[in-house]
Amino acid sequence: MLNHKARSALLALTLAGSLAVPAAAADAQSAAQSTDLLTRGELLTMLYEQEGKPAVNYAMDYSDVDGTRTDAEAIRWAAGTGIAGGYGDGRFGPDDPVTREQTAVILYRYAQSHDQGFTGAWAFRLPYTDAADIGEYA
């Protein structure tokens, strides 16, 4: 189990681009073309297990998340805590490969849930050639 310092270091390295998250695709197009990348549901399951599988009291209503899925409670936890959300059209996309952008947002929100991460006014340069394509949610 990672301690707070380890989680902070992992998040900082990932956001700074010094650590590539090998299971994250660079963008939605490359994610859609791959069959062996980490899915959104799998990433949330790892974080949910890291938290000790806490009890969840949140009514989620994603059309593509059946309550019998093995990752359903992890998705319910992530949605209830604000760590991850759906696409805005009633879907969550649990089987979609997680993109680099989604991974960064999810890890950052996870760090924030532990009172970590950047606070106040801050900015840093993103060295990625696709930085201009970052979605509004991120």
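Since the structure is predicted, the reported quantities are computational estimates derived from the model, not experimental observations.

### Some words on helix H5 (residues 100-112)
Working step 1: Taking 1.5 Å as the rise per residue, H5 with 13 residues should run 18 Å; its terminal C-alpha atoms sit 18 Å apart, in good agreement.
Working step 2: The complete set of buried residues in H5 reads Gln-102, Thr-103, Ala-104, Val-105, Ile-106, Leu-107, Tyr-108, Tyr-110 and Ala-111.

### Concerning unusual backbone geometry
Working step 1: Here Lys-53, not a glycine, exhibits a phi torsion of approximately 50°, which is positive.
Working step 2: As for its placement among the helices and strands, Lys-53 is situated in the loop between helix H3 (40-50) and helix H4 (72-81).
Working step 3: Taking relative accessible area as the criterion, Lys-53 reaches 52% and is therefore assigned exposed.
Working step 4: Positive phi, close to 55°, is recorded for Asp-115, a residue that is not glycine.
Working step 5: Positionally, Asp-115 belongs in the segment after H5.

### Quick notes on the packing of aromatic side chains
Working step 1: Within the structure shown, the criterion is met by three aromatic pairs.
Working step 2: Taking 5.7 Å as the distance between ring centres and 50° as the angle between the ring planes, the aromatic pair formed by Tyr-48 and Trp-77 counts as tilted. On the criterion of sequence distance, the pair formed by Tyr-48 in helix H3 and Trp-77 in helix H4 is long-range, its members being 29 residues apart. As far as the burial class goes, Tyr-48 and Trp-77 line up, both buried.
Working step 3: When the ring of Tyr-62 is compared with that of Phe-92, the centres are 5.2 Å apart and the planes differ by 55°; the resulting orientation is tilted. Taken together, the residues span a long stretch of sequence, with Tyr-62 in the loop between H3 and H4 and Phe-92 in the loop between H4 and H5 at a distance of 30 residues.

Quick notes on the rules
- Residues numbered from 1 in each chain as written.
- Predicted model: local features only at pLDDT ≥ 70, side-chain atom pairs only at ≥ 80, totals over all residues.
- Heavy atoms only, no water.
- Helix = DSSP H or I, 4+ residues; strand = E, 2+ residues; numbered from the N terminus.
- Expected span 1.5 Å × (residues − 1).
- Buried < 20%, exposed > 50% of the residue type's maximum accessible area, 1.4 Å probe, protein only.
- Phe/Tyr/Trp six-rings, centres within 6.5 Å; stacked < 30°, edge-to-face > 60°.

As far as function goes, none of this settles anything; it's purely spatial.
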